[in-house]
Amino acid sequence: MCIVVRHTDYKSDNGEDIELHGVKQWFRITKEGPVDQFFAVGGEDEEEQQATGERMPQIVEQILQTGRGIREEDLQQLRGTTAGVDDDNEPAPENVPDNIATNNVFDSWGYGGICPRRMSGAVNQNPSLKGLTQNVKPTFEKLFLLLFPFEFLKDVILTQTNRRMMDEQETVVLTIGELLRYIGLWFYMSSMTFDSRRDFWSSENSTMFEGCPVRLNEWMSRRRFEAITRALQLTDGNAPTYQDKFWEVRAILTAWNDNMKDKFTPGWISCLDESMSKWLNEYTCPGFMCVPRKPWPLGNEYHTIACGISGVLYSLELVEGKDEPQQRPRKEFEGLGKTVGLLLRLTRSLWGTGKAIVLDSGFCVLKGLVELRKKGVFAAALIKKRRYWPKYIDGDGIRNHFQDKPVGSVDVLNGELDTVKVFVHAMKEPDYTMMLMSTYGTTNEMGVEQRRILADNSRATFRYPELVYNHFQYRDAVDSHNSSRMYPLALEETWKTTRWPLRVFQFLLAVTEVNC
């Protein structure tokens, strides 16, 4: 793999730029030049791009060829590139130690018998959909038109795609029905494996071992299908005056979130976690991230929130990483902290409802839980030492408190931050102490009886307290949604493309498919 560049310091005798090249392993691009000096891109159509395939960084090639996972040396190599790394050992920005005193937040042990969430009058509601006829089971089509931003699909995508098709001398106008049929064909094709999508329009008979089992000619010709694919446009806006690699997808991401906020009401408890969208080339993927803990660790990372009762994913935010343009206004609430702002933006549809949210250790920021509580949302986050204990948390002191307690013991550390009651609910396991920072919860026992075998081969039995039970019961809502979207077959793998904005479109379609 070789990188080719031009540089203003290197010119030929007649003043023309010289093309420099170097082996990628030893080549680092530290800063891009002006956009008008980029190499021209050839006018490949979608079919030619698919045949060419996505060029993969050397590190990705090695992972695919060997089947190994991400190693520490891989992370070090990626940190030296434009890729972002979301390592499970890295603390949240708000938890990096500073010189500000963090004492006197937690001051006493013992459960006081009061749960702020119950005191607020919140009840455990089930999720619901708006816009459906009662007592009538909706079809998949009805659900899709409800949960995907239909007005955006009709007013923006359809209109702009038609404009592009007219520029390419397509005389037949694309209708909303034909566009929905086109999307349906992608869903259909993603339910089976195939070598080339052209096989779906082949005139040759399929055999037990070759060819596709179905033909799509009666619904749409291959030429028409490819024409729509080439012409697909996701925005009616223009690129900003500064470089913004995400400008083509910002509108559709906002429309999707707004539509879910309008049409879906989550249940009483949700889970916030990360989702990955596959991509193999860091140089053609804005916001390229490596998240080693995920089954597919390379591509675009989304922070996502899903209803714990129904599993419906209802809010998401693309991680822009090192490609986030500095000229754009700061994101809403980011002045409170990067993690705090993210929590507030993703939970907007929960404000004032008294609902609860389960957070993993990556979002374990006490200030974030406090700001959520001020917005009428209760939360509990798993406490984990990521190089440092989270701010305000004396993890070693909590461990010492449980050192001589029997397995299954539960205790609560009480505190207050910004006039908000905060707690650490802790439970003794045989080889560690589980800790959860929270703004709600009781020590009521829930669920089935748990059994542990101790070092002396004796047995301990106990039941989880409420917060621990909620954590294990609902922590996998996002991961389960991701598994349904990606396994055994993924739309994002079926729809091979080198146009990155289409991958975002595919991701939203696949998320909506699982929601339906």
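Residues numbered from 1 in each chain as written. Predicted model: local features only at pLDDT ≥ 70, side-chain atom pairs only at ≥ 80, totals over all residues. Heavy atoms only, no water.

Draft legend 1. How the structure looks around the overall build of the chain. The helix and strand tally for the chain stands at 16 helices and 17 strands. Counting over 516 residues, the chain shows a buried share of 49%. Sequence separation of 24 or more characterises 65% of the internal contacts of the chain that already satisfy a separation of 6 or more. A total accessible area of about 25900 Å² is found for the chain, and carbon and sulfur atoms account for 48% of it. (Helix = DSSP H or I, 4+ residues; strand = E, 2+ residues; numbered from the N terminus. Buried < 20%, exposed > 50% of the residue type's maximum accessible area, 1.4 Å probe, protein only. Contact = heavy atoms within 4.5 Å. Areas by Shrake-Rupley, 256 points an atom, 1.4 Å probe, with all protein chains shown as cover.)

Draft legend 2. Representation of the pattern of salt bridges within the structure. For the structure shown, the criterion picks out 28 salt bridges. The shortest N-O distance in the salt bridge between Glu-226 and Arg-197 comes to 2.9 Å. With Glu-226 in helix α8 (residues 222-231) and Arg-197 in the loop between α7 (176-189) and α8, the pair connects residues that are 29 residues apart, well separated along the chain. The buried category is assigned to Arg-197, whose relative accessible area is 1%. A network of salt bridges, in which partner residues are shared, links Glu-170, Glu-178, Arg-223 and Arg-224. (Salt bridge = Lys/Arg side-chain N within 4 Å of Asp/Glu carboxyl O.)

Draft legend 3. Structural detail: the packing of aromatic side chains. For the structure on display, the rule yields 21 aromatic pairs. Taken together, a centroid distance of 5.0 Å and an interplanar angle of 45° make the contact between Trp-201 and Phe-225 tilted. Of this pair, Trp-201 sits in the loop between α7 and α8 while Phe-225 sits in helix α8, placing them 24 residues apart in sequence. Judged by its relative accessible area of 0%, Phe-225 is buried. Look at Tyr-302 and Phe-507: their rings are 4.0 Å apart centre to centre, the planes differ by 10°, and that puts the pair in the stacked class. Of this pair, Tyr-302 sits in strand β9 (residues 298-307) while Phe-507 sits in helix α16 (residues 500-515), and the two are 205 residues apart along the sequence. Phe-507 carries the same exposure label as Tyr-302, and that label is buried. Ring pairing ties together the aromatic residues Phe-140, Phe-144, Phe-148, Tyr-182, Trp-186, Phe-187, Trp-201, Phe-225, Trp-495 and Phe-505, which thus form one cluster. When the ring centre of Trp-351 is taken as origin, the NZ or CZ atom of Lys-375, which lies over that ring, is 4.5 Å away. (Phe/Tyr/Trp six-rings, centres within 6.5 Å; stacked < 30°, edge-to-face > 60°. Lys NZ or Arg CZ within 6 Å of the ring centre and 35° of its normal.)

Draft legend 4. Inspection of the side chain of Lys-294 at higher detail. Note that Lys-294 resides in the loop between β8 (288-290) and β9. The exposure class assigned to Lys-294 is buried, which follows from its relative accessible area of 11%.

Draft legend 5. Fine view of the environment of Glu-320. Inspection of the secondary structure assignment puts Glu-320 in the loop between β10 (313-318) and α10 (338-346). Excluding residues within four positions of it along the chain, Glu-320 makes contact with Phe-246, Arg-250, Gly-287, Pro-325 and Lys-331. Only 2.8 Å separates the side chain of Glu-320 from the side chain of Arg-250, close enough to count as a polar contact. (Polar contact = N/O pair within 3.5 Å; in protein donor to acceptor, adjacent residues only side chain to side chain.)

Draft legend 6. A look at the pairing of strand β15 (residues 433-438). For β15, a buried count of six out of six residues is recorded, marking the element as mostly surrounded by other parts of the structure. In this structure, strand β12 (residues 378-382) lies alongside β15, joined through three bridges in antiparallel fashion. Bridge pairing links Ala-380 to Ser-438 in β15. When strand β14 (residues 420-428) meets β15, the two strands line up antiparallel, connected through six bridges. Along β15, the bridge assignment pairs Val-424 with Met-437. (Pairing = 2+ DSSP bridges.)

Draft legend 7. Expanded view of the nonpolar core. Counting 107 residues, the largest nonpolar core has Tyr-182 and Phe-505 as the members making the most contacts within it. Counting residues per element, this core draws most heavily on α16, which supplies nine residues. The residues touching Tyr-182, leaving out its near neighbours within four places in the chain, are Met-220, Phe-225, Ile-228, Thr-229, Leu-232 and Trp-495. Ala-356, Val-358, Tyr-464 and Tyr-474 belong to the second-largest nonpolar core, a separate cluster that totals 18 residues. (Core = buried A, V, L, I, M, F, W, Y, C linked by side-chain atoms within 4.5 Å.)

Draft legend 8. Just the packing of helix α6 (residues 150-167) against α8, in detail. Between α6 and α8, the shortest axis-to-axis distance is 9 Å and the interhelical angle comes to 110°. Judged by the inter-axis angle, α6 sits roughly perpendicular to α8. Judged by the sense of rotation from one axis to the other, the crossing of α6 with α8 is right-handed. From α6, Thr-161, Arg-164 and Met-165 reach across to α8, where they touch Arg-224, Ala-227, Ile-228, Arg-230 and Ala-231. (Axes fitted to C-alpha atoms, helices over the stretch in contact; angles between N-to-C directions. Parallel < 35°, antiparallel > 145°, perpendicular 65-115°, else oblique. Left-handed = near helix turned anticlockwise from the far one by under 90°.)

Draft legend 9. Looking closely at unusual backbone geometry. The linkage connecting Tyr-487 with the following residue, Pro-488, adopts the cis geometry, with an omega of 0°. Counting through the fold element by element, Pro-488 comes out in the loop between α14 (477-486) and α15 (491-494). Even without being glycine, Arg-387 reaches a positive phi, approximately 70°. One can find Arg-387 in the loop between β12 and α12 (395-401). The class of Arg-387 is partly exposed, set by a relative accessible area of 49%. The backbone of Thr-419 shows a phi angle near 65°, a positive value even though the residue is not glycine.

Draft legend 10. Focus on α7. With 14 residues, α7 ought to run about 20 Å at 1.5 Å a step, and its terminal C-alpha atoms sit 20 Å apart, in line with that. For α7, every residue scored as buried is listed here: Glu-178, Leu-179, Tyr-182, Ile-183, Leu-185, Trp-186, Phe-187 and Met-189. Where the residues of α7 are buried, they touch α5 (140-147), α6, α8, α15 and α16. (Expected span 1.5 Å × (residues − 1).)

Draft legend 11. Quick peek at the pairing of β10. The buried fraction of β10 is high, at six of six residues. Where β9 folds back onto β10 in an antiparallel hairpin, the turn is made up of five residues, including Gly-311, whose phi is positive at roughly 85°.

Draft legend 12. A look at the packing of α14 against α16. The N-to-C vectors of α14 and α16 enclose an angle of 110°; their axes lie 9 Å apart at closest approach. It follows that α14 is roughly perpendicular to α16 by the angle criterion. On the side of α14, the interface is formed by His-481, Ser-484 and Arg-485, while α16 contributes Phe-507, Ala-510, Val-511, Val-514 and Asn-515. Looking at the contact of α14 with α16 residue by residue, the class counts come to four nonpolar, three polar and one charged. (Nonpolar A, V, L, I, M, F, W, Y, C, P; charged D, E, K, R; others polar.)

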